[in-house]
Amino acid sequence: YYKENLELLEESGAELVFFSPLRDQKIPENISGLIFGGGYPELNCKELSENNSMRRSVKDAIRSGMPCLAECGGFMYLHDTLAIDDKHTYPMVGVIPGKAFPTAKLQRFGYVRLYAKENNLLCNKNEELLAHEFHYWDSENCGSGFKAVKESSGKQWDCVHSKENMYAGFPHLYFYANLSAALRFVEACHKYGGNNDI
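Per-chain numbering applies: the sequence of each chain, read as written, is numbered from 1 onward. In keeping with the predicted nature of the model, local features appear solely for residues at pLDDT of at least 70, side-chain atom pairs appear and are counted solely at 80 or more, and the whole-chain, interface and lining totals rest on all residues. Side-chain measures here rest on the full set of heavy atoms in the structure, leaving out hydrogens and waters.

Colleague: Which residues make up the overall build of the protein, and what values do they have?
Modeller: Per the convention used, a helix needs a DSSP run of H or I reaching at least four residues, while a strand needs a run of E reaching at least two, with both numbered from the N terminus. Each helix and strand in the protein was counted, giving five helices and 13 strands. Considered along the principal axes of its C-alpha atoms, the protein spans approximately 45 × 45 × 25 Å. Looking at the protein as a whole, 51% of its 198 residues qualify as buried. The long-range share in the protein, meaning contacts at least 24 apart out of those at least 6 apart in sequence, stands at 67%. Burial status follows relative accessibility: with a 1.4 Å probe on protein chains alone, a residue under 20% of its type maximum counts as buried, one over 50% as exposed, and anything between as partly exposed. Here, residues are in contact when the closest pair of their heavy atoms is within 4.5 Å.

Structure follows, in structure tokens:
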């Protein structure tokens, strides 16, 4: 997590409530939004998989409309399954259909501009977000809510699952480069739960 991202959310009126998908049995009571940042879920995939009550709690919350921001490792956690090799695949939350899996090299590495193809949790159609990607993993289902453009090379690709209550994909966001997206996320949480706990 970028410390500045969390600080900006707090400055925007959010109260952050921390929990562990590994150790806690379910998401905290009375929250109105979820953030799953980058990381290495593959290092704890057995424990994440075995925490059935947490996986069910996260899935139920997102399906109920709770706003969710999931980047990179957090995006992988939301998949149906996470494979760590050809022989070992573990069930995950099950919000994103398909499997996340390892690759032999960095995938789509670098800074990108994301152009929204539809209205979503963080912005409206045709608006842009600044982001970057850094991951050795990939997905059978990277999403198509945004078009990513890598200005250094001109390469383009579709990415991110985006809905009214979701931003889930490999690109990492830095909120100070996307102030309106951060504010929009806090507002969506407030609208969902009547408070700003995330």
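Colleague: Residues and numbers for the confidence of the model for the protein, please.
Modeller: For every residue, the predictor assigns a confidence score, pLDDT, that lies between 0 and 100. Averaged over every residue, the pLDDT of the protein is 91; the share at 70 or more is 96%. By mean pLDDT, the top-scoring element of the protein is helix 3 (residues 52-63) (98), and the lowest-scoring one is strand 8 (residues 137-139) (83).

Colleague: Got a sec to walk through the sheet that holds strand 10 (residues 155-159)? Specific residues and values, please.
Modeller: Here we have five strands laid out as an open sheet, ordered 10-9-6-7-13, and antiparallel in their pairing. Each edge of the sheet is formed by a strand with only one pairing partner; in this case those strands are strand 10 and strand 13 (172-173). Here a strand pair is declared whenever DSSP counts at least two bridges between the two strands. Note that strand 9 (residues 146-150) and strand 10 share five bridges and pair antiparallel. Note on strand 10: the bridge partner recorded for Lys-147 is Asp-158.

Colleague: Hey, could you go over the packing of aromatic side chains for me, with residue numbers and the actual values?
Modeller: For Phe, Tyr and Trp, where Trp contributes only its six-membered ring, two rings pair if their centres lie within 6.5 Å, and the inter-plane angle classes them as stacked under 30 degrees, edge-to-face over 60, or tilted in between. Scanning the model with the defined rule gives six aromatic pairs in all. Taken together, a centroid distance of 6.0 Å and an interplanar angle of 70° make the contact between Phe-146 and Tyr-167 edge-to-face. One end of the pair, Phe-146, is in strand 9; the other, Tyr-167, is in strand 12 (residues 166-169), with 21 residues separating them in the sequence. By the burial criterion, Phe-146 is buried, and Tyr-167 matches it. Cation placement over rings: the criterion is NZ of Lys or CZ of Arg within 6 Å of the ring centroid and within 35° of the ring normal. The ring of Tyr-115 has Lys-147 sitting right over it, with the charged end atom 5.9 Å from the ring centre.

Colleague: Residue-level account of the environment of Val-186, with values.
Modeller: Counting through the fold element by element, Val-186 comes out in helix 5 (residues 179-193). Spatially, the C-alpha atoms of Val-186 and Ile-62 are 16 Å apart, while their sequence positions differ by 124 residues.

Colleague: Tell me what's going on with unusual backbone geometry, and back it up with residues and numbers.
Modeller: Leave glycine aside and you will find that most residues have negative phi; peptide bonds, for their part, are mostly trans. Phi at Asn-30 takes a positive value of approximately 65°, unusual for a residue other than glycine. For Asn-30, the position within the fold is in the loop between helix 1 (3-11) and strand 1 (34-36). The phi angle at Asn-126 is positive, at roughly 75°, despite the residue not being glycine.

Colleague: Pulling in residues and values, what's your account of the environment of Phe-170?
Modeller: Its location among the elements puts Phe-170 in the loop between strand 12 and strand 13. When its relative accessible area of 2% is taken as the criterion, Phe-170 is described as buried. In sequence terms Phe-170 and Glu-42 are 128 residues apart; their C-alpha atoms lie 15 Å from each other.

Colleague: Can you explain the nonpolar core? Please cite residues and give values.
Modeller: Residues enter a nonpolar core if they are buried and are Ala, Val, Leu, Ile, Met, Phe, Trp, Tyr or Cys, with the set joined through side-chain atoms within 4.5 Å. Of all hydrophobic cores here, the largest spans 30 residues; its most connected members are Ile-27, Leu-34, Phe-36, Val-58, Ile-62, Tyr-77 and Leu-78. Secondary-structure elements contributing two or more residues to this core are strand 1, helix 2 (45-50), helix 3, strand 2 (68-71), helix 4 (73-77), strand 5 (96-102) and strand 12. Tallying contributions element by element places helix 3 first for this core, with four residues. If sequence neighbours within four positions are ignored, Leu-78 has contacts with Phe-36, Val-58, Ile-62, Cys-68, Ala-70, Val-93, Gly-94, Val-95, Ile-96 and Ala-168.

Colleague: Go over the sheet that holds strand 11 (residues 161-163), please, and point to the residues and values.
Modeller: Ordered by their spatial adjacency, four strands build an open sheet running 1-2-12-11, and the pairing between neighbours is mixed. Whereas interior strands pair on both sides, the edge strands pair on one side only; in this sheet they are strand 1 and strand 11. Sheet twist, expressed as the average angle between the axes of neighbouring strands with direction ignored, equals 5°. Angles shown run from 0 to 180 degrees and are taken between the N-to-C directions of axes, each axis being a line fitted to C-alpha atoms and, for helices, limited to the stretch in contact. Each of strand 1, strand 2 and strand 12 is contacted by helix 3, which is oriented at about 125° to strand 1, the strand it contacts most.

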